[in-house]
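# Descriptive structure summary
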Amino acid sequence: MSSVTYGADAKPRVGFFTDTTVCIGCKACEVACKEWNQLPARGDGGAHLEMSGQSYDNTLRLSGETWRHVKFVEQFPQPYEGRWLMMSDVCKHCVQAPCLEVCPTGAIIRTEFDTVVIQSDTCNGCRDCIGACPFGVIDINHVSNTAQKCTLCYDRISVGLEPACSKACPTDSIQFGPISELRERAAARVVQLREQGESRAHLYGADPKGPLGGLNSFFLLVDEPEVYGLPREPKMPSRNLAPGSLLSTFGAIVMAFVGGLTLRASRMRDVARARREDAPRAD
Amino acid sequence: MQTDLPATFFTAPPGFGWLIILYFFIGGIAGGALLLAGLLRLFGTAADRPYIRIASFVALVGAAISGILLIVDLSAPLRFWHMVIQNHTGRLMFKWWSPMSVGVWILLLFGFFSLVAALESLTMDDRPLLRGLRFLARAPFDAIGAIGGIICGLALAGYTGVLLAVTNRPLWADSSWLGIVFLFSAVSTAMATLLLLSHWRRVDSANTNDWLARFDNVTLVLEFFAIVFFLLSLGGAARALLNAWGVVLVLGVIVVGIILPLVIQRRPSHSVVLPAVLVLAGGFMLRMVIMLSSEQIHVSGVQVFR
Ligand code: SF4
Ligand code: SF4
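This section reports on the structure supplied with the text.

Procedures and definitions
Residues numbered from 1 in each chain as written. Chains lettered and ligands numbered in written order. Predicted model: local features only at pLDDT ≥ 70, side-chain atom pairs only at ≥ 80, totals over all residues. Heavy atoms only, no water. Helix = DSSP H or I, 4+ residues; strand = E, 2+ residues; numbered from the N terminus. Rg over C-alpha atoms; globule rule 2.2 N^0.38 Å. Buried < 20%, exposed > 50% of the residue type's maximum accessible area, 1.4 Å probe, protein only. Areas by Shrake-Rupley, 256 points an atom, 1.4 Å probe, with all protein chains shown as cover. Lys, Arg positive; Asp, Glu negative; His and termini not counted. Charge placed at Lys NZ, Arg CZ, Asp CG, Glu CD. Contact = heavy atoms within 4.5 Å. Near = heavy atom within 4 Å. Nonpolar A, V, L, I, M, F, W, Y, C, P; charged D, E, K, R; others polar. Phe/Tyr/Trp six-rings, centres within 6.5 Å; stacked < 30°, edge-to-face > 60°. Lys NZ or Arg CZ within 6 Å of the ring centre and 35° of its normal. Pairing = 2+ DSSP bridges. Axes fitted to C-alpha atoms, helices over the stretch in contact; angles between N-to-C directions. Buried area = accessible area lost by both parts, 1.4 Å probe. Salt bridge = Lys/Arg side-chain N within 4 Å of Asp/Glu carboxyl O. Polar contact = N/O pair within 3.5 Å; in protein donor to acceptor, adjacent residues only side chain to side chain. Expected span 1.5 Å × (residues − 1). Parallel < 35°, antiparallel > 145°, perpendicular 65-115°, else oblique. Left-handed = near helix turned anticlockwise from the far one by under 90°.

## Concerning the overall build of chain B
- What chain B contains, in helices and strands, is eight helices and two strands.
- Its helices and strands in sequence order give chain B the pattern α-α-α-α-α-α-α-α-β-β, from N to C terminus.
- At 20 Å, chain B has a C-alpha radius of gyration in line with the 19 Å of a compact globule built from 306 residues.
- Overall size of chain B, expressed as C-alpha extent along the three principal axes, is 70 × 60 × 25 Å.
- In chain B, buried positions account for 57% of the 306 residues.
- Put simply, chain B shows about 12,000 Å² of open surface, and 71% of that area lies on carbon and sulfur atoms.
- Distance between charge centres in chain B, computed from 19 positive and 13 negative side chains, equals 4 Å.

Put into structure tokens, the structure is as follows:
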């Protein structure tokens with residue numbers, strides 16, 4: 001709801017275009033991210049390796065220690081028939097960011113590149129942003145004890161470098177660049193795929209008029225968003241702010257009135273009773 | 001594959017567990033207690049004074065416990081002050097559109113008014129140490145204290161549900177009714193606490209108890225309807241309650257915590273203790289169900305676990 005403008009210091013808007021159709025699930029992006037950002041393998045230092053038990057993907061989810069996660073969608077209706085969809089998931093750097101909206105310490109900021117970054121020295125770990133993110137991106141990092149997520153390699157892009165994940169991606173499934181350029185490239189790729197017969201190809205989050213004002217890291221998908229573990233219609237938490245506050249205020253007024261009126265009525269009864277008892281009897 | 005799930009099911013749980021459940025319960029009681037203390041100060045008689053004192057101290061102790069619970073629950077507790085003062089600029093930190101930020105200020109103001117209420121209730125004893133504070137019991141300070149306490153108490157009781165609604169989590173953000181549900185429940189649990197403590201301290205005044213019981217009856221009925229509207233407003237997200245938590249909601253919160261106390265209080269010579277204990281149990285279970293049923297839903301890989 002507050003908008004920061006960087007004025008002359010603003011840089012071109014950048015982001016990621018992730019073309020899931022060329023992802024081979026090598027997880028090079030996950031590793032590159034961990035190396036560059038010095039993230040541990042697991043929150044507990046790898047003491048308890050968590051395995052999915054039902055998928056070849058054992059990263060399981062984005063977390064405070066895992067800022068890139070290659071999801072495996074294993075669509076196998078029959079043992080020898082089916083397909084794998086791979087999608088390298090990451091913070092979407094939402095144009096209207098729910099996490100930034102709710103953060104009560106001001107730890108989450110929008111940078112001059114229009115990306116969303118959590119300042120670790122400000123965050124106190126209240127975890128409001130975790131529940132606010134529509135994509136389950138943020139989590140507590142157990143080394144810093146603060147909320148953490150992808151910074152879109154703020155330190156690298158500030159000095160003109162490309163983020164570690166897109167740099168490492170061997171198939172260019174993850175592409176980094178100015179949003180306008182990425183959108184053009186993505187639209188052309190959708191046309192190409194459709195011409196080749198993949199009629200389900202579509203972009204998720206590329207539309208600036210879509211949910212959350214568009215996503216600065218958007219995706220090319222070839223199935224329903226939910227199949228990739230993505231919500232079809234991500235929403236802003238503040239949609240409930242006005243109705244929730246109004247209803248609660250209404251309830252508060254009702255409580256104050258009912259309480260006050262019942263108390264006054266009860267005291268009036270007492271006074272009337274006392275008067276009756278004090279009055280001289282007729283007999 | 002799971003294409004009919006509400007958007008809120010694709011999110012991650014923030015880990016609001018027992019400490020927060022306890023805070024919602026105790027903070028609710030504290031908020032309701034300051035409302036009751038304020039009403040009794042404005043419209044009550046001398047016979048209500050012991051109740052005012054108990055309610056004011058419930059509010060003060062509740063505010064202190066609430067603050068401690070919230071700080072301990074932070075992942076970086078020593079930085080609790082970042083909620084109040086911006087660590088980079090030293091300026092005040094306040095975001096009116098973030099219920100958590102508003103809530104911090106509500107709790108601070110609430111702490112102030114509950115302290116004023118507790119001090120004012122002590123000046124009634126004519127203790128030499130507190131003579132300087134007698135002005136608190138005189139106009140216009142008495143009315144300012146009472147009305148400020150009522151507003152802060154109601155705000156503390158109700159904002160927590162709004163905070164949950166202003167996220168993207170299942171159940172919480174699928175309805176706008178949680179604030180009012182928590183508010184009514186907070187007031188009823190505060191009345192139950194006041195009835196129990198006054199009974200224990202043997203300050204029973206039939207008139208005050210009678211008022212509390214009447215007010216409680218209305219509040220419980222309102223709470224019942226608010227819960228029904230909450231459930232109806234959930235739509236497809238109500239599936240988050242198609243499990244043991246749903247059973248606890250119906251049997252524990254509605255039957256044990258609302259209907260039974262209402263039935264018992266209709267009896268001419270009922271016990272004070274039993275309905276109050278049931279209301280408290282129901283209020284606690286309400287917060288437990290709402291928090292834990294949502295917390296257990298999470299997206300992992302491409303699956304949504306419920
Ligand atoms: S995807 Fe989640 S964490 Fe990333 S900017 Fe959007 S709301 Fe924030
Ligand atoms: S956990 Fe940190 S970043 Fe997230 S909302 Fe709280 S203070 Fe802000």
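## Description of the overall build of chain A
- Looking only at helices and strands, one finds seven helices and 10 strands in chain A.
- A compact globule built from 283 residues would reach a C-alpha radius of gyration of about 19 Å, whereas chain A, at 27 Å, exceeds it by more than 25%.
- For the C-alpha atoms alone, the extent of chain A along its principal axes is close to 105 × 55 × 45 Å.
- Sequence-distant contacts in chain A: of pairs separated by 6 or more residues, those separated by 24 or more amount to 60%.
- Taken as a whole, chain A presents about 13,000 Å² of accessible surface, with 56% of it coming from carbon and sulfur.
- In chain A, which carries 31 positive and 33 negative side-chain charges, the distance between the mean positions of the two groups comes to 7 Å.

## Digging into the site of ligand 1
- Taken together, 14 residues surround ligand 1, and among them A:Cys91, A:Lys92, A:Cys94, A:Cys99 and A:Cys133 come closest.
- Along the lines of polarity and charge, the residues of the shell around ligand 1 split into 11 nonpolar, one polar and two charged.

## So, the packing of aromatic side chains
- Overall, the coordinates contain 16 aromatic pairs over all chains when judged by the stated rule.
- Measuring from ring centre to ring centre gives 5.2 Å for B:Phe135 and B:Phe141, while their planes differ by 90°; the resulting arrangement is edge-to-face.
- Judged by relative accessible area, B:Phe141 falls into the partly exposed class, the value being 39%.
- Here the aromatic residues A:Tyr56, A:Phe76 and A:Trp84 are joined through ring pairs into a cluster of three or more.
- Over the face of the ring belonging to B:Trp200 we find B:Arg201, whose NZ or CZ atom lies 5.8 Å from the ring centre.
- For B:Arg287, the ring lying beneath its charged end belongs to B:Phe182, and the centroid distance is 5.0 Å.

## Digging into the site of ligand 2
- Around ligand 2, the structure places 13 residues, and the nearest of them are A:Cys103, A:Thr105, A:Cys123, A:Cys126 and A:Cys129.
- Among the residues forming the shell around ligand 2, the class breakdown is nine nonpolar, three polar and one charged.

## Considering the sheet that holds strand β8 (residues 174-178) of chain A
All names here are of chain A.
- With mixed pairing, the four strands of this open sheet are ordered in space as β8-β1-β10-β9. Since the sheet does not close on itself, it has two edges, and those belong to β8 and β9 (202-204), each with one partner. With direction set aside, neighbouring strand axes in the sheet form an average angle of 25°.
- Here β9 pairs with strand β10 (residues 217-221) via three bridges, running antiparallel. Note that in β10 the partner of Tyr204 across the bridge is Phe219.
- Across the sheet, helix α6 (residues 179-195) touches β1 (14-19), β8, β9 and β10, and the angle it forms with β8 is around 135°.

## Section: the interface of chain B and chain A
- Across the boundary between the two partners, chain B contributes 70 residues, which contact 75 residues of chain A.
- Here chain B meets chain A over a buried area of about 5,700 Å², counting both sides, of which 59% is carbon and sulfur.
- In this structure, B:Asp48 and A:Arg267 form a salt bridge, with 2.7 Å as the shortest nitrogen-oxygen distance.
- At the junction of chain B with chain A, the criterion picks out 30 residue pairs in polar contact (both at pLDDT 80 or more).
- Of all the elements in the fold, those that place two or more residues in the side of chain B that touches chain A are α1 (18-43), α3 (99-123), α4 (141-165), α5 (178-200), α6 (206-233), β1 (298-300) and β2 (303-305) of chain B.

## Concerning the pairing of β10(A)
- Counting buried positions over the five residues of β10(A) gives five, a clear majority of the element.
- Side-chain alternation along β10(A) places A:Ser217, A:Phe219 and A:Leu221 on one buried face and A:Phe218 and A:Leu220 on a second face that is also buried.

## A short note on helix α8 (residues 273-295) of chain B
- Taking 1.5 Å per residue as the helical rise, α8(B) with its 23 residues ought to reach 33 Å, and the 33 Å between its terminal C-alpha atoms agrees with that figure.
- Summarising burial for α8(B): 18 of the 23 residues are buried, a large majority.

## Quick look at the packing of helix α7 (residues 244-266) of chain B against α8(B)
Residues and elements named next belong to chain B.
- Interaxial distance between α7 and α8 falls to 8 Å at its minimum, and their mutual angle equals 160°. Comparing the axis directions of α7 and α8 gives the class roughly antiparallel. Where α7 crosses over α8, the two elements pack in a sense that is left-handed. Within the contact between the two elements, α7 uses Trp245, Val248, Leu249, Gly252, Val253, Val256, Gly257, Leu260, Pro261, Ile264 and Gln265 and α8 uses Leu274, Pro275, Leu278, Val279, Gly282, Met285, Leu286, Met288, Val289, Leu292 and Ser293.
- Here the residues of the contact of α7 with α8 sort into 17 nonpolar, five polar and no charged.

## A look at the packing of helix α2 (residues 49-73) of chain B against α5(B)
All names here are of chain B.
- Running from N to C, α2 and α5 cross one another at 120°; their axes reach a closest spacing of 10 Å. With respect to each other, α2 and α5 are oriented oblique. The two elements α2 and α5 cross, and the hand of that crossing is right-handed. On α5, the residues touching Tyr51, Ile54, Ala55 and Val58 of α2 are Thr193, Leu194, Leu197 and Ser198.
- Residues belonging to the contact of α2 with α5 are distributed by class as follows: six nonpolar, two polar and no charged.

## Considerations on the pattern of salt bridges
- Counting across every chain of the model gives 20 salt bridges over all chains.
- With its nearest N and O atoms 3.4 Å apart, the salt bridge here joins A:Arg185 to A:Glu181. Of this pair, A:Arg185 and A:Glu181 both sit in helix α6, four residues apart, roughly one helical turn.
- Take A:Arg185: its relative accessible area is 36%, and that puts it in the partly exposed class.
- Among the ionic pairs, B:Glu120 bridges to B:Arg41, the shortest N-O distance being 2.6 Å. You can see B:Glu120 sitting in helix α3 and its partner B:Arg41 sitting in helix α1, a full 79 residues away along the chain. Per residue, the accessibility class of B:Glu120 equals that of B:Arg41, and both read buried.

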